[in-house]
Amino acid sequence: MTKLVCAECRHENEAERIYCHNCGERLDRSVVAAQKKGQDPKDEHRRLQKMLGPPNRARQNFFAISKLALAAAVVAALVQIALPPELPAPTKILAPQVDLDLENAGSYQKPGPLEYSQDQINAYLAYRLIGKKKALNNPVLTFVRATASFREGACTIGVERSLFGYSLFSRASYRVDAGAGKIAATNNGGWIGRMPVHPAIMQFGGIIFADLWSALERERKLLGKMGAVNFHDGGVSITTPTR
Ligand SMILES: [Zn+2]
């Protein structure tokens, strides 16, 4: 143990003393305080290690696993986005003149419902959009094709675009209702690649299909004048307007 040397009489006092045992002078205890601090460097080291060292294992593992799970989810989503969906295969059949049929139906020259198979509609889309490729291309994405697939009560429009040679697919599903002399399409959701997109989000995704809709504006206008549009598995029937 260190001794406290009195500044007055140079008497060596025990470290616990406050006043000199010999002359009663107040002792300078700052020496003891400074020594005490440095007395057990191991304790100090442990304290610092605890403060600055790595967090405990369980906590560390939790964050590592969370990060891994997040990365896995992102990768899974990207894989889903990159996977090509099953779209109707291109058909070689002769495209019906849907636009002219609709025009005639609208002006009563051709009564009765119009019936088209899914293949016929896809042949028409291919034929119709070939001349519109310029309008459908943009500096980043090249338009490849648009498809329609029908099932009971709903129609899914798919668009394949190419990004530097990679195909990107987006699809939107619609239900078409006729009422009060108007035909309205309601979005049922969609997919980017194979990743489903909720309808609530898809309604803001209109921009994805905006170019397609403007390319098919004529058909949309003509359809709007029809009585009803009914989708069934593999086809569509369009009822002519009744007046
Ligand atoms: Zn003294």
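See above for the structure.
Residues numbered from 1 in each chain as written. Predicted model: local features only at pLDDT ≥ 70, side-chain atom pairs only at ≥ 80, totals over all residues. Heavy atoms only, no water.

## Overview of helix 4 (residues 98-106)
- Within helix 4 the residues assigned to the buried category are Val98, Asp99, Asp101, Leu102, Ala105 and Gly106. Looking straight down helix 4, one finds that the buried residues subtend no more than 160 degrees of arc, so they occupy a single side.
- If you follow the buried residues of helix 4, they end up packed against strand 3 (114-117), helix 5 (118-130), helix 9 (217-224) and strand 10 (235-239).
- The first or second residue beyond helix 4 is Tyr108, which carries a positive phi of 65 degrees. (Buried < 20%, exposed > 50% of the residue type's maximum accessible area, 1.4 Å probe, protein only. Helix = DSSP H or I, 4+ residues; strand = E, 2+ residues; numbered from the N terminus. Arc of directions from axis to C-beta. Contact = heavy atoms within 4.5 Å.)

## Regarding the nonpolar core
- If you look at the biggest cluster of nonpolar residues, it comprises 32 residues, and the most contacted ones within it are Ile121, Leu129, Leu212, Val236 and Ile238.
- Those residues within four positions of Ile238 in sequence are excluded, and the remaining contacts are Leu102, Pro113, Leu114, Tyr116, Leu223, Met226, Ala228 and Val229.
- Within the second largest apolar cluster, five residues are counted, among which are Leu4, Cys20, Leu27 and Val32. (Core = buried A, V, L, I, M, F, W, Y, C linked by side-chain atoms within 4.5 Å.)

## Here we look at the layout of surface pockets
- Size it by volume and the largest pocket reaches roughly 740 Å³.
- Considering every element that reaches the lining of the largest pocket, the biggest residue donor is helix 9, with five residues.
- Looking at side-chain class alone, the lining of the largest pocket contains 24 nonpolar, five polar and three charged residues.
- If you add up the space inside the second largest pocket, you get close to 210 Å³.
- Together, 14 residues line the second largest pocket, and Asn122, Leu125, Ala126, Arg145 and Ala146 are the ones closest to its centre. (1 Å grid on protein atoms, 1.4 Å probe; cavity = no way out; pocket = protein on both sides within 12 Å on 5 of 7 lines; lining within 4 Å. Points joined across faces, edges and corners; volume = space filled by probe spheres on them. Nonpolar A, V, L, I, M, F, W, Y, C, P; charged D, E, K, R; others polar.)

## Description of the coordination of the zinc ion
- For the zinc ion, the full set of protein donor atoms is Cys6 (SG), Cys9 (SG), Cys20 (SG) and Cys23 (SG), at a range of 2.2 to 2.5 Å.
- Coordination at the zinc ion is tetrahedral: its four donor atoms span angles of 102 to 122 degrees at the metal.
- You can call Cys20 buried: its relative accessible area is 6%.
- Residue Cys23 is classed as partly exposed on the basis of its relative accessible area of 39%. (Donors = N, O, S within 2.8 Å, 3.2 Å for Na, K, Ca; no water. Tetrahedral: all angles 85-135°; square planar, octahedral: opposite > 155°, others 65-115°.)

## Comments concerning unusual backbone geometry
- Positive phi outside glycine occurs at Arg10, with the angle close to 65 degrees.
- Residue position: Arg10 is located in the loop between strand 1 (4-5) and strand 2 (12-13).
- With a phi angle near 50 degrees, Phe164 is a residue other than glycine that sits in the positive phi range.
- Examined against the element boundaries, Phe164 turns out to sit in the loop between strand 5 (154-163) and strand 6 (166-179).
- By relative accessible area, Phe164 is classed as exposed at 72%.

## Observations concerning the side chain of Asp101
- Mapped onto the secondary structure, Asp101 falls in helix 4.
- Polar contacts involving the side chain of Asp101 include one to the side chain of Tyr116, which spans 2.6 Å. (Polar contact = N/O pair within 3.5 Å; in protein donor to acceptor, adjacent residues only side chain to side chain.)

## Quick notes on the pattern of salt bridges
- Tallied over the entire structure, the rule returns eight salt bridges.
- Glu219 is the salt-bridge partner of Arg128, the closest N and O atoms lying 2.4 Å from each other. Of this pair, Arg128 sits in helix 5 while Glu219 sits in helix 9, and the two are 91 residues apart along the sequence.
- Looking at Arg128, the relative accessible area reads 16%, which means it is buried. (Salt bridge = Lys/Arg side-chain N within 4 Å of Asp/Glu carboxyl O.)

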